[in-house]
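# Chains, contacts and geometry: an overview
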Amino acid sequence: MDILVIMLQLQRHPVAVVCILLCCVTQSTTMPDPKHREALMRQEEAMQTGGQQVLSAEEQRLGDRFQKLKQQEMSREDFPPAMHFFKARHLIRNSPIYSLLHDMPKGGALHVHDFSMVEVEWLVKNVTYRPHCYMCFTTGTGDDRSLRFVFSSGQPKPLPLCSPWSLLERLRAKMGNATDLDDSIIANLTLFTEKDPNVVYPSQDVVWKRFEQTFLVAWGLVTHAPVFRDYYHQGLMRFYEDNVMYLELRALLPETYELDGSTHDRAWDMKTYQDVTRQFTAQHPDFYGARVIFTVHRGMNASMVTTAVEEALRLQRDFPETMAGFDLVGREDTGRPLWYFREALSLPEERGLTLPYFFHAGETDTEGTEVDQNILDALLFNTSRIGHGFALIRHPLAREMSRKRGVAVEVCPISNQVLKLVADLRNHPAAVLFSEGHPVVISSDDPAQLGTSALSDDFYEAFVGFGGMRSHIGTLKELAMNSIKYSSLSQEQQQEALTLWQRKWDKFVSENSF
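Scope of this entry: the structure provided in the associated data block. (Residues numbered from 1 in each chain as written. Predicted model: local features only at pLDDT ≥ 70, side-chain atom pairs only at ≥ 80, totals over all residues. Heavy atoms only, no water.)

### Considering the overall build of the protein chain
- When you go through the protein chain residue by residue, the secondary structure sums to 23 helices and 13 strands.
- The globule rule puts the C-alpha radius of gyration for 514 residues at 24 Å, and the 24 Å found for the protein chain is close to it.
- By principal-axis analysis of the C-alpha atoms, the protein chain measures approximately 85 × 55 × 45 Å.
- For the protein chain, the residues scored as buried account for 54% of the 514 residues in total. (Helix = DSSP H or I, 4+ residues; strand = E, 2+ residues; numbered from the N terminus. Rg over C-alpha atoms; globule rule 2.2 N^0.38 Å. Buried < 20%, exposed > 50% of the residue type's maximum accessible area, 1.4 Å probe, protein only.)

This is how it looks when you write it as structure tokens:
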């Protein structure tokens, strides 16, 4: 069979032709035809993420530079993606390839949680030094002890299972040198540790317990109304400085409070997100914007989620520019499965309304359970994207449905590793998704708690780790474009954002293709 005919047939009917070629190879008693082998290899390359990208001469030169740097990285004995991120972070940050990835315009971050945007050091050095900030210690021993914070114009009311409140300003004045106290607060806000993380967090149960505790520590700080606004602005700045131009934030929209104890509702939170986003984009015209995915915890009962879905519909009506959709958050293995909430999640359609869903699904390594079925149920409820989707490759039907419908998987490499779904990121299931060109976007999930950059660390792990030597500049380009293509933006907005991104990309390529 002529090689040109083979290539044309491969484009039209890849599976059938591959089977024919393999059949020919296995039935032949002679050496396989090198042209057949080359055709198969080219077809595999074309199938992978970025395999269809047409690259300019400048892009190809930059691609060669990326590949040389990656080859050097992969020849290291201390190969960072094979190590726990907490041990590898300093190696990654000192890598030339990381420097390039940091400068690269990465498009959007589509899977980020509200109280995990900003470095915990900023929260301690900026927020806890503000007037009227109180702290208490929860009762318990060892790892069960934690902190709680509140802002109050007077002595706050006692909190159950907590020590008497201490005004931080007075406490620091008594101590003289507050460095130890600040370091202790920082340690309570993050999972990151200088110790052996596999000893500190020996199981998923242990790491998840600590992970959820960090959000409770931050809660009283970030839900203070003035901090809420400042924290979000600082979060946008952090992503902007990491060359992210668009953000979709999963937000609980908590009850926020003022110094006198008065409170604000979810509509106030949403308006704050909207106002701060408008202000930020006005100050930074090359930042396209941000939208909010309203979330509630999957530990809620069905009635509570029904109420939340109804509120999501109202928020969508009142804030169409900012409100992107709805999701359920929290650990899947211990939370209620999506099917439990089927009546609540069917409510919009029953009312003739549309509420986009962006479900966390498949963030688990337990096969064959109700939780494992969240992948299929998310697709049955027409999810716009799949959050994490770690279990997707175990569900061939769901994987095919996801691919055909263009439902992208939000892959968060470092989060999956730290929360003990995968130890060596070369073995991440997304490597399979990359190889078959499945719709994928890269995001960072909880950068504050994980000690990661806004997005560059996760791009490094994806590109160097499960991308291997087969991922290239076309892969990076497609991943960045995917983050806009699979966003909640309208078609017109996506085109505007892509045009803005393309200018940034061309500038980046021009400055680095040497």
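Additional details are given in the paragraphs that follow.
### Remarks on the pattern of salt bridges
- Overall, the coordinates contain 29 salt bridges when judged by the stated rule.
- One salt bridge connects R238 with E119, and the closest N-O pair in it is separated by 3.7 Å. In this pair, R238 is assigned in helix 12 (residues 225-241) and E119 in the loop between strand 1 (108-113) and helix 7 (120-127), connecting sequence segments 119 residues apart.
- Residue R238 is classed as buried on the basis of its relative accessible area of 11%. (Salt bridge = Lys/Arg side-chain N within 4 Å of Asp/Glu carboxyl O.)

### Quick look at the pairing of strand 5 (residues 246-251)
- Of all six residues that make up strand 5, six are buried, and the element is covered over most of its length.
- Across the two faces of strand 5 the burial is the same, with Y246, E248 and R250 and L247, L249 and A251 all buried.
- In this structure, strand 1 lies alongside strand 5, joined through four bridges in parallel fashion. Bridging across to strand 5, V112 finds its partner in L249.
- Alignment of strand 5 against strand 8 (residues 289-297), held across six bridges, turns out to be parallel. Of the residues in strand 8, the one forming a bridge with L249 is V292. (Pairing = 2+ DSSP bridges.)

### Digging into the state of the cysteines
- A full pass over the atoms with the stated rule returns one disulfide.
- A sulfur-sulfur separation of 1.9 Å characterises the disulfide bridge that pairs C136 with C162. Here the disulfide of C136 and C162 is right-handed, its torsion about the S-S bond being about 90 degrees. Here C136 is found in strand 2 (residues 133-137), whereas its partner C162 is found in the loop between strand 3 (147-151) and strand 4 (166-167), with 26 residues between them in sequence.
- Judged by its relative accessible area of 0%, C136 is buried.
- Assessed through its relative accessible area of 15%, C162 is described here as buried. (Disulfide = S-S within 2.5 Å.)

### Some details on unusual backbone geometry
- Positive phi, close to 60 degrees, is recorded for N243, a residue that is not glycine.
- Examined against the element boundaries, N243 turns out to sit in the loop between helix 12 and strand 5.
- Phi angles above zero are rare outside glycine, and L253 is one such case at about 50 degrees.
- As for its position among the elements, L253 is in the loop between strand 5 and strand 6 (256-257).

Don't take any of this as a statement about function, it's just geometry.
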